[in-house]
Amino acid sequence: MELKLYDNLYSAPTLIEVITSKVQNVKFTTKLPGGFGYCSFYLKADLPKAWDWLSTKSFYRILITDQAKILFDGRLEDIGL
């Protein structure tokens, strides 16, 4: 399983970084028929890095994949410390 962070451009998102090793307690759901539910995780970061996420990464795209299969596709919302 791999978590990828893309910028918030809708038409042509750019990969910012693969964050698989920087997160823990990843939970995500899907909804019928074939949609995505919610995703939550904890960022393993010190306070300055967490503040950077809180202040600059709203609505960035999160993509969770298992090789070529997309398991979750959504946007960062409700970011908190």
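Before reading further, recall that the structure is shown in the block above.
All of these numbers come straight from a predicted model, not from anything done at the bench.

Cut-offs and rules
Residues numbered from 1 in each chain as written. Predicted model: local features only at pLDDT ≥ 70, side-chain atom pairs only at ≥ 80, totals over all residues. Heavy atoms only, no water. 1 Å grid on protein atoms, 1.4 Å probe; cavity = no way out; pocket = protein on both sides within 12 Å on 5 of 7 lines; lining within 4 Å. Points joined across faces, edges and corners; volume = space filled by probe spheres on them. Helix = DSSP H or I, 4+ residues; strand = E, 2+ residues; numbered from the N terminus. Nonpolar A, V, L, I, M, F, W, Y, C, P; charged D, E, K, R; others polar. Patch = residues over 30% accessible without salt bridge, like charges linked within 9 Å, V, L, I, M, F, W, Y side chains within 5 Å. Areas by Shrake-Rupley, 256 points an atom, 1.4 Å probe, with all protein chains shown as cover. Salt bridge = Lys/Arg side-chain N within 4 Å of Asp/Glu carboxyl O. Core = buried A, V, L, I, M, F, W, Y, C linked by side-chain atoms within 4.5 Å. Buried < 20%, exposed > 50% of the residue type's maximum accessible area, 1.4 Å probe, protein only. Contact = heavy atoms within 4.5 Å. Lys, Arg positive; Asp, Glu negative; His and termini not counted. Polar contact = N/O pair within 3.5 Å; in protein donor to acceptor, adjacent residues only side chain to side chain. Pairing = 2+ DSSP bridges. Axes fitted to C-alpha atoms, helices over the stretch in contact; angles between N-to-C directions.

K.L.:
I keep staring at the layout of surface pockets and nothing clicks. Help me out?
P.N.:
One way to see where empty space is left: roll a probe the size of a water molecule over the atoms. Empty space within the largest pocket amounts to approximately 560 Å³. For the largest pocket, the lining is made up of 22 residues, of which Phe 41, Leu 76, Glu 77, Asp 78 and Ile 79 are closest to its centre. Those elements that place two or more of their residues in the lining of the largest pocket are β4 (35-43), α1 (47-56) and β6 (69-75). Examining the composition of the lining of the largest pocket, we find that eight residues originate from one element, β4, more than from any other. Along the lines of polarity and charge, the residues of the lining of the largest pocket split into 14 nonpolar, four polar and four charged.

K.L.:
Help me out: how do you make sense of a nonpolar patch on the surface in this one?
P.N.:
A cluster of nonpolar side chains, contributed by Leu 47, Trp 51 and Leu 81, occupies part of the molecular surface with about 400 Å² of accessible area. With respect to the element layout, Trp 51 can be found in helix α1.

K.L.:
So what exactly am I meant to see when it comes to the nonpolar core here?
P.N.:
Across soluble globular proteins, you tend to see nonpolar side chains buried next to one another. Core analysis: the largest hydrophobic core is formed by eleven residues, namely Leu 3, Leu 5, Ile 19, Val 23, Phe 41, Trp 53, Tyr 60, Ile 62, Ile 64, Phe 72 and Leu 76. Those elements giving two or more residues to this core turn out to be β1 (2-6) and β5 (61-66). Those residues in contact with Trp 53 that lie beyond four places of it in its chain are Leu 5, Ile 19, Phe 41, Leu 43, Ser 58, Leu 76 and Ile 79.

K.L.:
Could you clarify how one ought to interpret the side chain of Asp 7 in this entry?
P.N.:
Along the chain, Asp 7 turns up in the loop between β1 and β2 (15-18). Buried charged residue Asp 7 carries no salt bridge. Nearest counter-charge: Arg 75, at 6.2 Å. There is a polar contact of 3.4 Å between the side chain of Asp 7 and the backbone nitrogen of Leu 9. Residue contacts for Asp 7: discarding those within four places in its chain leaves Ala 12, Pro 13, Thr 14, Ile 16, Tyr 60, Arg 61 and Arg 75.

K.L.:
Honestly, the sheet that holds β2 in this entry has me stumped. Any pointers?
P.N.:
The strands that make up a sheet pair up through hydrogen bonds in the backbone, lying either parallel or antiparallel. Strand order across the open sheet formed by four strands is β2-β1-β5-β6, with antiparallel pairing between neighbours. The two strands at the open ends of the sheet, each matched to only one other strand, are β2 and β6. Neighbour-to-neighbour, the strand axes of this sheet turn through a mean angle of 20 degrees, independent of strand direction. In this structure, β1 lies alongside β5, joined through five bridges in antiparallel fashion. Across the sheet, Leu 3 pairs through a bridge with Ile 64, a residue of β5.

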